Amino acid sequence: MTGMTIREINFDGLVGPSHNYAGLSPGNLASARNAGAIAYPRAAALQGIEKMRTNIRLGLTQGLFLPQWRPDGAWLKALGTDVGNAEAHIRAAAMSASSMWAANAATVSPAADTADGRTHLTVANLVTMPHRSHEWPHTLAQLRLAFSDQGAFAVHGPVPPPFGDEGAANHMRLCPSHGEAGVEVFVYGQSGGPFPARQHIEASKAVARLHGLDPARTLFVMQSEEAIAAGAFHNDVVAVANEHVLFTHEHAFADKERFYAELRALLPSVEIVEVPASAVSLSDAIRSYIFNAQLVTLPDGEGMALILPTDAQDLPDTWAWLEATVAGNGPIRRLVPVNVRQSMANGGGPACLRLRVVADPADIDPRFLVDEGKLDGIAKMVEAYWPEAIAPADLADTRLIARIEQSWLTVVDHLQLSGDLIP
Ligand code: SUG
């Protein structure tokens, strides 16, 4: 392996045509707050496409995952029902567009970290939330296509229940540069006060074993109960890492002193940018989603940029603190706000919408890679087919369902994947 072509690729989940606000995720404060609101799938998908364009214009390589077939008739059938007869909460779970949050698709260990020198991916079982528990078979089908080159990739099925696994949202990797061996950090929850802890330590340990990680360079770190109780249903809403930088809230972890010490011992060049609660409270961190950002290395030695939600600008004190930090001498040199408000209203920020894969793009099925021209074509499909608005009461409407199905068929056909992805 030359290392020359190894780079970080962001795979964004295209927002599906059934995007709606059903309040399905207890512990995700935005999802609860917006339960029952009218959703705008077309606008949501276009916002996601614009975010992908922002990444591309920064010089980053961009990938795409397709939405899933909704309603998930196979799942409803296994429950002994169908979309017409299901109870409302089951119907909503079968209709959810939650696979847009690609950070929950899988956990990824780049080739430089694994025993067999391949990039390993384990699809997340997402068992804690019913509406997310039936994503994995469809996600796995896409992963097996996109990363079918078995010389370069190993794709694993899900960790068995009851061990909850939420994928990359609870995983961080710190390294000198993307292509070099790193330290993989698995963040699990034990208790979240009133809310469920979604990532189980047994699932994290299983993924580390399946990926062939070096135990000496693998850390298992507990989320603070306080963070989960404040709405950090995934660790990636209170911390994000990129190469040698960890950007984190002071209260993200149960025992931060120990974690920081272990990290410094394994990666002496690590820079920990810690945001004190005195500057940004946990509650403001979750409202602003400043940590649910893509922390990316800009090409040509321009340092790192934080691609964060425009919602962060709605909290003037938090925004001012960030601007001051960027003006200082730290590793984060630029703030790039992106409008993903439709996703944000379900608790999904810029980081939730993408899965990072460090690999050589030449090893990936090109149907899952995008440039601006390809995004133009997808945006046209979205404009022509995606429903403009969906209220929760619409989910039983057979004409809406037919339209959602038509949207899916059209985009999957457009990307020449219809032979491979079966509803
Ligand atoms: O799992 N929201 C998602 C948001 C996932 C965010 N991902 C990361 N943090 N990486 C969730 O809670 C809401 C769906 C609804 O309520 O209709 C939802 O599933």
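Our subject is the structure that appears above.
Reading the values: rules and limits
Residues numbered from 1 in each chain as written. Predicted model: local features only at pLDDT ≥ 70, side-chain atom pairs only at ≥ 80, totals over all residues. Heavy atoms only, no water. Pairing = 2+ DSSP bridges. Helix = DSSP H or I, 4+ residues; strand = E, 2+ residues; numbered from the N terminus. Contact = heavy atoms within 4.5 Å. Axes fitted to C-alpha atoms, helices over the stretch in contact; angles between N-to-C directions. Near = heavy atom within 4 Å. Polar contact = N/O pair within 3.5 Å; in protein donor to acceptor, adjacent residues only side chain to side chain. Areas by Shrake-Rupley, 256 points an atom, 1.4 Å probe, with all protein chains shown as cover. 1 Å grid on protein atoms, 1.4 Å probe; cavity = no way out; pocket = protein on both sides within 12 Å on 5 of 7 lines; lining within 4 Å. Sits in = over half its atoms within 2 Å of the grid points. Nonpolar A, V, L, I, M, F, W, Y, C, P; charged D, E, K, R; others polar. Buried < 20%, exposed > 50% of the residue type's maximum accessible area, 1.4 Å probe, protein only. Right-handed = clockwise from strand over helix to strand, strands pointing away. Salt bridge = Lys/Arg side-chain N within 4 Å of Asp/Glu carboxyl O. Parallel < 35°, antiparallel > 145°, perpendicular 65-115°, else oblique. Expected span 1.5 Å × (residues − 1). Arc of directions from axis to C-beta.

This next bit is on the sheet that holds strand β2 (residues 61–65). An order of β15-β1-β2-β16 is seen for the four strands of this open sheet, with the pairing classed as mixed. At either end of the open sheet lies a strand with only one pairing partner, and these are β15 (354–359) and β16 (369–370). Sheet topology note: the strand β1 (residues 7–13)/β15 ladder contains six bridges and is antiparallel. By the bridge assignment for β15, Asp-12 is matched with Arg-354. On top of the sheet, helix α2 (residues 41–57) reaches β1, β2, β15 and β16; it is set at about 155 degrees to β2, its chief contact.

So, on to the site of the ligand. Within the structure, the ligand sits among 20 residues, and Leu-24, Ser-31, His-131, Asp-236 and Cys-352 are positioned closest to it. One nitrogen or oxygen atom from the side chain of His-131 is found 2.6 Å from an oxygen atom belonging to the ligand. Its free accessible area being 490 Å², the ligand has 100% of it covered by the protein chains. With respect to the detected pockets, the ligand is housed in the second largest cavity. For the shell around the ligand, the residue count by class is seven nonpolar, ten polar and three charged.

Moving on, we come to the pairing of strand β13 (residues 304–309). In terms of burial, β13 is largely enclosed, as six of its six residues are buried. Relative to β13, strand β12 (residues 294–297) runs antiparallel, the two being bridged by four bridges. When the bridges of β13 are listed, Gln-294 appears paired with Ile-307. Where β12 hands over to β13, the hairpin turn is made up of six residues, of which Asp-300 adopts a positive phi near 65 degrees. Of the crossover connections in this fold, the one passing from β13 over helix α11 (residues 316–327) to the parallel strand β14 (residues 332–338) is right-handed.

The next thing to look at is the side chain of Arg-132. Looking at the element boundaries, Arg-132 is found in helix α5 (residues 130–133). We classify Arg-132 as buried; its relative accessible area is 3%. Within the local environment of Arg-132, its side chain forms a polar contact with the backbone oxygen of Ser-98, the two atoms lying 2.9 Å apart. Setting aside chain neighbours within four positions, we find Arg-132 in contact with Ser-98, Ser-99, Trp-101, Asn-104, Asn-125, Leu-126, Arg-198 and His-234.

On to the pattern of salt bridges, then. Taken as a whole, this structure holds 16 salt bridges when the rule is applied. Among the ionic pairs, Asp-116 bridges to Arg-118, the shortest N-O distance being 3.0 Å. Of the residues examined, Arg-118 reaches a relative accessible area of 23% and is grouped as partly exposed. For Glu-135, the salt bridge is made with Arg-132, and the minimal N-O distance between the two is 2.8 Å. The residues Glu-135 and Arg-132 share a single accessibility class, namely buried. When salt bridges that share partners are traced, they join Glu-50, Arg-53, Arg-57, Glu-372 and Asp-376 into one network.

Further remarks concern the packing of α2 against helix α13 (residues 372–385). The interhelical angle for the contact between α2 and α13, taken along N-to-C directions, is 175 degrees, at an axis separation of 10 Å. When the axis of α2 is compared with that of α13, the two are roughly antiparallel. Packed against α2, whose contacting residues are Arg-42, Ala-45, Leu-46, Ile-49, Met-52, Arg-53, Ile-56 and Arg-57, the element α13 presents Glu-372, Leu-375, Asp-376, Ile-378, Ala-379, Val-382 and Glu-383 at the interface. Of the residues belonging to the contact of α2 with α13, the class tally is nine nonpolar, no polar and six charged.

Taking 1.5 Å per residue as the helical rise, α11 with its twelve residues ought to reach 16 Å, and the 16 Å between its terminal C-alpha atoms agrees with that figure. Among all positions of α11, only Thr-318, Trp-319, Leu-322 and Val-326 are buried. In a view along the axis of α11, the buried residues occupy a sector of 95 degrees, so they form one face of it. Away from its buried face, by an angle of more than 90 degrees, α11 presents the exposed residues Pro-316, Asp-317, Ala-324 and Ala-327. Among the structural elements, β10 (245–249), α10 (282–288), β13 and β14 are those in contact with the buried residues of α11.

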